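Examination of the molecular architecture
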Amino acid sequence: MEEKTNVMRTLERLKLPYHPSAFDTGGAALSGTEVAALLKKDPARVFKTLVAVGKSGKYYVFMIPVAEELDLKKAARCAGEKSVEMIKSKELLPITGYIHGGCSPIGMKKQFPTFVHESAAAYPEIMFSAGRIGYQVELPLAALRKAVRLTVSYTHLTLPTICSV
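A brief structural summary. Just so we're clear, the structure is a prediction, and the values are computed from it rather than from any experiment.

Describing the sheet that holds strand β7 (residues 135-139)
- Read from one edge to the other, the open sheet built from three strands follows the order β1-β7-β6, with strand pairing classed as antiparallel. The outermost strands of the open sheet, each flanked by one partner alone, are β1 (19-22) and β6 (126-129). In this sheet, adjacent strand axes meet at a mean angle of 25 degrees when their direction is disregarded.
- Sheet analysis places β1 next to β7, joined by four bridges and oriented antiparallel. If you follow P20 over to β7, its bridge partner there is V137.
- Sitting on the sheet, helix α1 (residues 6-13) touches β1 and β7, and the angle it makes with β7 is about 25 degrees.

Written out as C-alpha cells, the structure is:
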C-alpha cells in the first residue's frame, strides 16, 4: 500500500500491529457489507463507526458489525444518557474530521467515549475504516484499546438484541 492515512500513521506511532487494505470505490462510499464482500471478509468481523449525540449534547462513538443496526435506546443506556440520536451526515466532518464512509474511531478531532459491540472480542482481529473511503485497517481489539479509550458493550448495541465498563 503506497498511501497511508492518519489512522495508519497513528497506529505506527503507537507501535501497534495492523493490516491495511485499500480498494477502489470510484470515490463513492460503499455500505459496510459491500466493503466486506469486496475484501472477502466475514461481515461479522468488519465494523462500522457510528457517531451519535446524547440528550446532554455529548457525542459518542459506536462500533458495530456492518450488517447490524444500532439500537438507539440500548446505546443511550450504555452511554448513561436518556436518549441518543445519530448525528446528521453534514455534521460528521466538523465534529470528527471524517466524512461518511470514511469515519474511524482513531484520529477524530476529539476523542469521544467509544463503545464496541461485544462480538469484537470473539475475533483475533477486527476490521474498520482507516479514515478514508477505500481504506480499511485490521487489528486485534487489544491494539484498538491502546489507540482509543474503548468500552466493550456486553449487552448488545444492535437490534434486536448493550453495557459494562
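Structural notes on unusual backbone geometry
- One non-glycine residue, K15, lies in the positive phi region at around 60 degrees.
- Not every positive phi belongs to a glycine, and K40 is a case in point at roughly 55 degrees.
- Take K40: it is sitting in the loop between α2 (32-38) and β2 (47-54).

Thoughts on the nonpolar core
- Of all hydrophobic cores here, the largest spans 32 residues; its most connected members are F128, V137 and L144.
- Residue assignment for this core shows that the elements contributing at least two residues are α1, β2, β3 (59-65), α4 (89-96), β6, β7, α5 (141-147) and β8 (150-153).
- The contact partners of F128, leaving out residues within four places of it in the chain, are F47, M63, S104, P105, I106, Q136, V137, L139 and L144.
- Within the second largest apolar cluster, twelve residues are counted, among which are F62, C78, V84 and F115.

Some words on the packing of aromatic side chains
- Following the criterion strictly, the structure yields three aromatic pairs and no others.
- The rings of Y60, F62 and F115 are connected pair by pair, giving a single aromatic cluster.
- Taking NZ or CZ as reference, R132 lies 5.5 Å from the ring centre of Y135, over its face.

Digging into the pattern of salt bridges
- The full count for this structure, using the stated rule, is five salt bridges.
- A salt bridge links K41 to E138; its shortest N-O distance comes to 3.2 Å. In this pair, K41 sits in the loop between α2 and β2 while E138 sits in strand β7, placing the two residues 97 residues apart along the sequence.
- The partner of D71 in a salt bridge is K74, and the shortest N-O contact between them spans 4.0 Å. With respect to burial, D71 and K74 carry one shared label: buried.
- Counted as one network, the salt bridges with shared partners bring together K41, R45 and E138.

About the criteria used
Residues numbered from 1 in each chain as written. Predicted model: local features only at pLDDT ≥ 70, side-chain atom pairs only at ≥ 80, totals over all residues. Heavy atoms only, no water. Pairing = 2+ DSSP bridges. Helix = DSSP H or I, 4+ residues; strand = E, 2+ residues; numbered from the N terminus. Axes fitted to C-alpha atoms, helices over the stretch in contact; angles between N-to-C directions. Contact = heavy atoms within 4.5 Å. Core = buried A, V, L, I, M, F, W, Y, C linked by side-chain atoms within 4.5 Å. Buried < 20%, exposed > 50% of the residue type's maximum accessible area, 1.4 Å probe, protein only. Phe/Tyr/Trp six-rings, centres within 6.5 Å; stacked < 30°, edge-to-face > 60°. Lys NZ or Arg CZ within 6 Å of the ring centre and 35° of its normal. Salt bridge = Lys/Arg side-chain N within 4 Å of Asp/Glu carboxyl O.

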